[in-house]
Amino acid sequence: MADSPGSVTLTVQFLARYAELVGMASTRITLAAPATVSLVLGEIRKQYPGARQIPERPVCALNLSQVDLSTDVAEGDELALLPPVAGG
Amino acid sequence: MRAHPVITERPIDIEMLIERVESDDRGGVAIFLGTVRNNHAGREVERLEYSAYGPMAEAECARILAEAERTWGATVAVEHRVGALGIGDISVAIAAAAPHRDEAFSACRYVIDEMKRRVPIWKREYYTDGTVAWVDPTAPGGIHMSSEEKAF
């Protein structure tokens, strides 16, 4: 993968219990490109101490579809961190 | 074409849900209602609060309904409440119509099972002792205590 210069900014949504842990429902994160979901999680844990209580490998959705932590993120993406679901 | 949203803040109208699926060539309609129970994990529940990741919940439900329709030839309608619910309130309702009862029952069962497994909806329980917890089927005991204290 070629190094692309610059940075990538995306929206991160914390759902349900994770919003309570972090103390907010969403934030915007900027990091050096290219970046992955995993790198975004690392940045979140660095910036928000409450996020360190989120499991090491949470369920993540990128633009409404579930993805692996190794997935690349792009400018303007929406990354959502989803606790185990409990509907019904 | 699925113009009807699944996630709703209003009480579920079961008659309307049935109307959306019944037709002259479907001889069976199976209904499932999920209601708010007054106890969980040995605790006495006073009320619940459901929340959803709306856009993803809608997309995932649309996929589940399409799977049920493809597998059993059933037409299925579903609604799930979010917000504050009291004991006995209907949290989720599913109406599955098919030419015969077997397909209707199977499709209805499939939709509730897959919803519970896949759709990003969460529930917070408020107990009669004033404590609050997030329900998490993967957690020991099935809950995580919430930092929020009951505000009244």
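Everything numeric here is computed off the predicted structure, so don't read it as measured data.

Draft legend 1. Fine view of the interface of chain A and chain B. The interface of chain A with chain B comprises 17 residues on the first partner and 29 residues on the second. Carbon and sulfur atoms make up 61% of the area that chain A and chain B hide from each other, which totals about 1,800 Å². In this structure, Arg124 of chain B engages Glu20 of chain A in a salt bridge whose closest nitrogen and oxygen atoms are separated by 3.3 Å. If you look at where chain A meets chain B, you find 13 residue pairs in polar contact (both at pLDDT 80 or more). Elements with a minimum of two residues in the side of chain A that touches chain B: helix H1 (17-22) and strand S7 (78-82) of chain A. Ranked by residues supplied to the side of chain A that touches chain B, first place goes to S7 of chain A with three residues.

Draft legend 2. Region of interest: a nonpolar patch on the surface. A contiguous nonpolar patch, built from Val29, Ile31 and Leu33 of chain B and spanning about 210 Å² of accessible area, is present on the exposed surface. Among the secondary structure elements, Val29 of chain B is positioned in strand S2 (residues 28-35).

Draft legend 3. Structural detail: the sheet that holds strand S2 (residues 26-32) of chain A. Residue and element names in this part refer to chain A. Taken in spatial order, the five strands make up an open sheet running S2-S1-S7-S4-S5, and their pairing is mixed. With one partner strand each, in any of the chains shown, S2 and strand S5 (65-67) form the two edges of the open sheet. Each strand axis lies, on average, 35° off the axis of its neighbour in the sheet, ignoring direction. Across four bridges, strand S1 (residues 7-14) lies against S7 in parallel orientation. Considered in S7, the bridge of Phe14 is made with Leu81. Set on the sheet, helix H2 (residues 37-47) makes contact with S1, S2, strand S4 (59-62), S5 and S7; between it and S2 the angle comes to about 115°.

Draft legend 4. Examining the pattern of salt bridges more closely. Residue and element names in this part refer to chain B. Inspection of the entire model under this criterion finds 10 salt bridges over all chains. With its nearest N and O atoms 2.8 Å apart, the salt bridge here joins Arg63 to Glu60. Taken together, the residues span about one helical turn, with Arg63 and Glu60 both in helix H2 (residues 54-72) at a distance of three residues. Glu67 serves as the salt-bridge partner of Arg118, at 2.9 Å between the closest nitrogen and oxygen. On the criterion of sequence distance, the pair formed by Arg118 in helix H3 (residues 101-118) and Glu67 in helix H2 is long-range, its members being 51 residues apart. You can call Glu67 buried: its relative accessible area is 17%. Shared partners join several salt bridges into a network, and the residues in it are Glu60, Arg63, Glu67, Glu114, Arg117 and Arg118.

Draft legend 5. Seen up close, the pairing of strand S8 (residues 121-127) of chain B. Residue and element names in this part refer to chain B. Summarising burial for S8: seven of the seven residues are buried, a large majority. Where strand S4 (residues 43-52) and S8 come together, seven bridges link them in antiparallel fashion. Of the residues in S8, the one forming a bridge with Glu49 is Arg124. Pairing geometry for S8 and strand S9 (residues 132-135), over three bridges, is antiparallel. Looking at S9, one finds that Arg124 is bridged to Trp134. Hairpin connection from S8 to S9: four residues lie between these consecutive antiparallel strands, with Gly130 at a positive phi of about 95°.

What counts and how
Residues numbered from 1 in each chain as written. Chains lettered and ligands numbered in written order. Predicted model: local features only at pLDDT ≥ 70, side-chain atom pairs only at ≥ 80, totals over all residues. Heavy atoms only, no water. Contact = heavy atoms within 4.5 Å. Buried area = accessible area lost by both parts, 1.4 Å probe. Salt bridge = Lys/Arg side-chain N within 4 Å of Asp/Glu carboxyl O. Polar contact = N/O pair within 3.5 Å; in protein donor to acceptor, adjacent residues only side chain to side chain. Helix = DSSP H or I, 4+ residues; strand = E, 2+ residues; numbered from the N terminus. Patch = residues over 30% accessible without salt bridge, like charges linked within 9 Å, V, L, I, M, F, W, Y side chains within 5 Å. Areas by Shrake-Rupley, 256 points an atom, 1.4 Å probe, with all protein chains shown as cover. Pairing = 2+ DSSP bridges. Axes fitted to C-alpha atoms, helices over the stretch in contact; angles between N-to-C directions. Buried < 20%, exposed > 50% of the residue type's maximum accessible area, 1.4 Å probe, protein only.

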